[in-house]
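# Examination of the molecular architecture
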Amino acid sequence: MKVAVQVTCINDAMFPDTGKAVFTLLRRLGVEADFPAAQTCCAQPMVNTGYLDEAVPVVRNFVDAFAGYDAIVTPSGSCAGSVRHQHSIVARRSGDDRLAATVAETSPKVYELTEFLVDVLGVTDVGAYFPHRVTYHPTCHSLRMLGVGDRPLRLLREVRGLDLVELPAADECCGFGGTFAVKNAETSTAMGADKARHVLDTGAEVLVAGDNSCLLHIGGLLSRQRTGVRVMHLAEVLAGTESS
Amino acid sequence: MSATFVGMPAFPAAAREALSDTQLRRNLAHATGTIRAKRAAVVGEVDEWEELRLAGAAIKDNTLRHLDEHLLRLEESLTDRGATVHWARDAAEACEIVASIAKQHAVDEVVKVKSMATQEIGLNEALAAQGITAWETDLAELIVQLGDDLPSHILVPAIHRNRAEIREIFRDKMAAAGRPAPDDLSDRPAELAGAARLHLREKFLRARMAVSGANFAVAETGTLVVVESEGNGRMCLTLPEVVVSVVGIEKIVPTWSDLDVFLQLLPRSSTGERMNPYTSTWSGATEGQEAHVVLLDNGRTRALADEVGRQALRCIRCSACLNVCPVYERTGGHAYGSVYPGPIGAILNPLLRGTGVDDQVDSLPYASSLCGACFEACPVRIDIPEVLVHLRSKVVDAHRSAPKAEAVAMKSASWVLADSKRLGLAERGLGLAGRLLGRFGRKVMPGGRRALGRLPWPGSLWSNARDVPAPPVESFRAWWRREGRR
């Protein structure tokens, strides 16, 4: 099976450690994955803000970059959701039949990281070690757009040393929402403040999620309030071992 | 009593004000939390809930596909049963029809059972301008009307009020509108309801004309259906000599048996009850009564013409989407500037009124984080996030001739993101900035990464409340290349 990793633009530019963790993890599980260097972004920022014309060249670049792979793994529920649900809309809008056909071929091959681990590789114990008190935030797009269910929790429960505590009102949105975070900044931070309060209520040292964009928002609030709680992408937790 | 949504600011500005009202925040969180829990419990009791949702959506979609035929059928059935059918293209026409019926009967006051359609067209204000007073008889509507206030929820229009505030409104305003509240009125719910009951009974017994909406209109039998909890609907529909019903053209269901599905979906989704307390059905005019039905378009055919947006016309006004929406829970309904607030309002208003014309309406599709909780709760499976994104693209397209700073930014982002070499260069710039800022950045975030300071506008929209980690010195792409992995 030829596997590619879609690192995502935000991880590429702002959170390279998450991308590295995905490769460390996959290699440990016997998967030699590629990073097709032509990749950039899934076009979600444009689509969700209403700029469909501007999304067309970005989607075109996406399908070209990932052509020929059997599976495309991404450490982002939101980007996986965007590829599966929005690329066809953008392609239809472009009027380019070849693009529409390529999109239809590529989209079903995209897996959010936990889907790939649990469904394709069939593992929940990835041999990880992380001796901390952790709480998990299921991001909206993983939860509702993709329906990843309890896959992330099943993976976390197998991590040695990890003390997993339940997050109150876990399924409520953190308020990030892409450009919503600046277009409706006050409402966004009001939602995020409630999320941060729930995180503090758990007494966890680390908040884990499968989307760095949501963590950028919640982590930014937790840091501004000087709570001492750090945020980490799930891939980084799963990549850790006793020797690392 | 002249409160109006006309001239409301765009959502972000209206929301800012609501967010600073701590009493409102507490009232809303408590009320929506309570209804949410009740709904989840009773929905959980129905094994075939998903099949019911699919059936509800299918009935509505099929009906909308042949709406013209069903409407003519409805008109014929109603006329056969002695009702007079009127067609109204817009709010002004509908209001004029109701006012002229009132005048024909020399009536200067009407009682109303809660109706979203009449609120949508501003009927009370239009009647007042012609010297006719409309009295709301739904308890929550009465609170809103007496308080010279605006509704903030589809099902619970006074959700933003607590009982202490309601006691004050009754004590201060009831006398001017009819029977005064008792002098020793407390804020106990039973006493408040008792005061409203006595106040309203006078109105029911005196009024000669009533105005209603309809939750459903059955085409085959010409039957209108009103679903409510207090019995005021039954009073309005049976006591007066003239009943005028203002009905949106999307309220139609073809047959009586189609109703079955919706009478299961609606109460569980809206009030969290297995069955609603009062279901009134009437077909045409009953003996000694005159019945009029105003079939209202007011933008519905515009919504129907929108291939993605037309699913919004499935809406049965249950308000389940409001009660699960994290944005609504924090801003309340007034911020949406319409009688249709919350997620459904964020799509229904632009669909009914059109995009690209009004800044307030254009701000609504953006009043969502696209979390999808509304779609999950919707009993007729309206994919609200899908419609929101679609409407955002219509807003953007409507303003393409005069591009804003945002459009320029999106165009540049698109240019950079269409090619990995351009993105690589941009990241190198970001890395340089990161090296510089990392040296100057004083704050260390939990986990050890340095944070940037407060950013200038538009970055300040983010950094006013949230720390921003300094960009990494090396992007993933650069690391991959340096490692020689290819």
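Residues numbered from 1 in each chain as written. Chains lettered and ligands numbered in written order. Predicted model: local features only at pLDDT ≥ 70, side-chain atom pairs only at ≥ 80, totals over all residues. Heavy atoms only, no water.

Under an unreviewed UniProt entry, the name given to chain B is (4Fe-4S) cluster-containing protein, and the source organism is Amycolatopsis methanolica 239.

If you check an unreviewed UniProt entry, chain A appears there as CoB-CoM heterodisulfide reductase from Amycolatopsis methanolica 239.

## Points about the overall build of chain B
Condition: Only DSSP runs of H or I reaching four residues or more are called helices, and only runs of E reaching two or more are called strands; each is numbered from the N terminus. When accessible area is computed with a 1.4 Å probe and restricted to protein chains, residues below 20% of their type maximum are described as buried, those above 50% as exposed, and intermediate ones as partly exposed. The contact definition used throughout considers only heavy atoms, calling two residues in contact when any of these lie within 4.5 Å. For accessible areas, the Shrake-Rupley method is used with a probe of radius 1.4 Å. Any residue's cover is judged against the shown protein chains and nothing else.
Per the secondary structure count, chain B includes 23 helices and 12 strands. Referenced to the eigenvectors of the C-alpha coordinate spread, the extents of chain B come out at roughly 90 × 55 × 50 Å. Going through the 486 residues of chain B one by one, you find that 56% of them count as buried. Pairs at least 24 residues apart make up 74% of the contacts formed inside chain B by residues separated by at least 6 positions. Of the roughly 20900 Å² of accessible surface on chain B, 54% is carried by carbon and sulfur atoms.

## Some points on the sheet that holds strand β2 (residues 71–74) of chain A
Residue and element names in this part refer to chain A. Short version of the rule: Strand pairing is assigned whenever DSSP identifies at least 2 bridges connecting the two strands. Axes here mean lines fitted to C-alpha atoms, for a helix over just the part in contact, with angles spanning 0 to 180 degrees between N-to-C directions.
The strand order across the open sheet built from three strands is β1-β2-β3, with neighbouring strands paired in parallel fashion. Because the sheet does not close on itself, it has two edges, and the strands there are β1 (3–5) and β3 (110–112). Between one strand and the next, the sheet's axes are offset by a mean angle of 30°, whatever the strand orientation. As paired strands, β1 and β2 are joined by three bridges and run parallel to one another. By the bridge assignment, Val3 is partnered in β2 with Ala71. Of the strands in this sheet, β1, β2 and β3 are in contact with helix α7 (residues 113–120), which crosses β3 at around 95°.

## Section: the side chain of Asn215 of chain B
Residues and elements named next belong to chain B. Formally: Here a polar contact is taken to be a pair of N or O atoms separated by no more than 3.5 Å, where protein atoms must pair a possible hydrogen donor with a possible acceptor and residues adjacent in sequence count only if both atoms sit in side chains.
Inspection of the secondary structure assignment puts Asn215 in the loop between β4 (209–212) and β5 (216–218). Within polar-contact distance, the side chain of Asn215 engages the backbone nitrogen of Val227 at 2.8 Å. Residues contacting Asn215, with those up to four places away along its chain left out, are Val225, Val226, Val227, Lys251 and Leu266.

## Structural notes on the state of the cysteines
Our working rule: Note that a disulfide, as used here, is simply two cysteine sulfur atoms within 2.5 Å.
Applying the stated criterion across every chain, the model contains zero disulfides over all chains. Considering cysteine sulfurs only, Cys140 of chain A is the nearest to Cys173 of chain A, which forms no disulfide, with 3.9 Å between them. Looking at Cys173 of chain A, the relative accessible area reads 8%, which means it is buried. You can see Cys374 of chain B has no disulfide; the closest cysteine sulfur is in Cys371 of chain B, sitting 6.3 Å from it.

## Here's the deal with the interface of chain B and chain A
The test is simple: Buried area is understood as the total, over both parts, of accessible area removed when two parts are fitted together, assessed with a 1.4 Å probe. Each reported salt bridge corresponds to a side-chain nitrogen of Lys or Arg within 4 Å of a carboxyl oxygen of Asp or Glu. Residue polarity is assigned by list, with Asp, Glu, Lys and Arg as charged and Ala, Val, Leu, Ile, Met, Phe, Trp, Tyr, Cys and Pro as nonpolar; anything else, Gly included, falls into the polar class.
On the chain A side, the residues contacting the 63 residues of chain B number 65 residues. Carbon and sulfur atoms make up 59% of the surface buried where chain B meets chain A, a total of about 5700 Å² over both sides. Summed over the shared surface of chain B and chain A, the number is 12 salt bridges. Between Glu172 of chain A and Arg330 of chain B there is a salt bridge whose closest N-O contact spans 3.8 Å. There are 32 residue pairs in polar contact (both at pLDDT 80 or more) connecting chain B and chain A. Per-element tally for the side of chain B that touches chain A: the top contributor is helix α20 (residues 405–417) of chain B, with seven residues. Of the residues in the side of chain B that touches chain A, the class split is 32 nonpolar, 11 polar and 20 charged.

## Comments concerning a nonpolar patch on the surface
Convention followed: For patch detection, residues must exceed 30% relative accessible area and be free of salt bridges, and they are connected within 9 Å for like charges or within 5 Å for nonpolar side chains (Val, Leu, Ile, Met, Phe, Trp, Tyr).
A cluster of nonpolar residues, Leu436, Leu437 and Phe440 of chain B, forms a patch on the protein surface that exposes about 330 Å² of accessible area. Structurally, Leu436 of chain B can be placed in helix α21 (residues 420–440).

## Section: the environment of Val308 of chain B
All names here are of chain B. Its location among the elements puts Val308 in the loop between α13 (300–304) and α14 (320–324). A relative accessible area of 25% places Val308 in the partly exposed class. Separated by 291 residues in sequence, Val308 and Glu17 place their C-alpha atoms 32 Å apart. In this structure Val308 touches Glu386, Val387 and His390, once residues within four positions along its chain are discounted.

## Examining the pattern of salt bridges
One pass over the full model with this rule turns up 44 salt bridges over all chains. For the salt bridge of Arg93 of chain A with Asp397 of chain B, the shortest nitrogen-to-oxygen distance reads 2.9 Å. One end of the pair, Arg93 of chain A, is in helix α5 (residues 77–94); the other, Asp397 of chain B, is in helix α19 (residues 384–398), on a second chain. Judged by its relative accessible area of 29%, Asp397 of chain B is partly exposed.

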